[in-house]
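Commentary on secondary and tertiary structure
Each chain, written out:
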Amino acid sequence: MLAKAFTFSAPDDSAAPLPEPGAREVREKPLQVTGPGGRKIPLPNEVLDIALCTGEDLQAAIDVVLKTATCSISGLQRRLKLGYNGAARRIEAMELLGIVSAPSARGERHVVR
């Protein structure tokens, strides 16, 4: 028989408690990334939720896009060794930050200067 029964046990009391669903980490100082022209852009939690990455990972993607002056999922995949979904999420986060444009009718995005 291929199907197996899995049992899940409750964690022991010595483990750290799990955070409440939807709970956010409170930061003393908001994160910032460096955008076009060296301007500092505040990094809201919503952007990190979309990108599913840290501020440093998003900054690396921003640096690649600004250096190459092109914005493509495949370009980020090659340069940062990411999967398709990770690269796509970072590009969507950059759109929310105003670094790249929304996709055109042909699906192209442009770096906003």
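Residues numbered from 1 in each chain as written. Predicted model: local features only at pLDDT ≥ 70, side-chain atom pairs only at ≥ 80, totals over all residues. Heavy atoms only, no water.

This next bit is on the overall build of the protein. A count of helices and strands for the protein gives 4 helices and 2 strands. Secondary structure of the protein in N-to-C order comes out as β-β-α-α-α-α. Counting only contacts in the protein whose residues sit at least 6 apart along the sequence, the fraction spanning at least 24 positions is 42%. Split by element, the accessible area of the protein, about 8300 Å² in all, is 56% carbon and sulfur. (Helix = DSSP H or I, 4+ residues; strand = E, 2+ residues; numbered from the N terminus. Contact = heavy atoms within 4.5 Å. Areas by Shrake-Rupley, 256 points an atom, 1.4 Å probe, with all protein chains shown as cover.)

Moving on, we get to the packing of helix 3 (residues 73-80) against helix 4 (residues 84-97). Taken N-terminus to C-terminus, the directions of helix 3 and helix 4 make an angle of 115°; their axes are 9 Å apart at the nearest point. Where helix 3 crosses over helix 4, the two elements pack in a sense that is right-handed. The residues of helix 4 that touch helix 3, namely those facing Ile73, Leu76 and Gln77, are Tyr84, Ala87, Ala88, Arg90, Ile91 and Met94. For the contact of helix 3 with helix 4, a count of residues per class yields 7 nonpolar, 1 polar and 1 charged. (Axes fitted to C-alpha atoms, helices over the stretch in contact; angles between N-to-C directions. Left-handed = near helix turned anticlockwise from the far one by under 90°. Nonpolar A, V, L, I, M, F, W, Y, C, P; charged D, E, K, R; others polar.)

Now for empty space enclosed by the protein. Where empty space is left can be seen by rolling a probe of water-molecule size over the atoms. For the structure on display, the rule yields 1 cavity of 30 Å³ or more. When its volume is computed, the largest cavity comes out at roughly 30 Å³. Lining the largest cavity, in full, are Val64, Val65, Thr68, Thr70, Cys71, Ser72, Gly75, Leu76 and Arg79. Mapped by element, the contributors of at least two residues to the lining of the largest cavity are helix 2 (55-68) and helix 3. Residues that form the lining of the largest cavity fall into these classes: 4 nonpolar, 4 polar and 1 charged. (1 Å grid on protein atoms, 1.4 Å probe; cavity = no way out; pocket = protein on both sides within 12 Å on 5 of 7 lines; lining within 4 Å. Points joined across faces, edges and corners; volume = space filled by probe spheres on them.)

One pass over the structure, following the stated rule, counts 3 salt bridges. Here Arg109 makes a salt bridge to Glu95, at a shortest N to O gap of 2.7 Å. Of this pair, Arg109 sits in the segment after helix 4 while Glu95 sits in helix 4, and the two are 14 residues apart along the sequence. On the basis of relative accessibility, which here comes to 30%, the residue Glu95 falls in the partly exposed class. (Salt bridge = Lys/Arg side-chain N within 4 Å of Asp/Glu carboxyl O. Buried < 20%, exposed > 50% of the residue type's maximum accessible area, 1.4 Å probe, protein only.)

The phi dihedral of Ala69 is positive, around 60°, even though this residue is not glycine. Relative to the elements of secondary structure, Ala69 occurs in the loop between helix 2 and helix 3. A residue is classified by how much of its surface remains accessible, and Ala69, at 43% relative accessible area, is partly exposed. Unlike most non-glycine residues, Lys81 shows phi in positive territory, near 55°. In this structure, Lys81 sits in the loop between helix 3 and helix 4. Exposure remark for Lys81: the relative accessible area of 73% places this residue in the exposed category.

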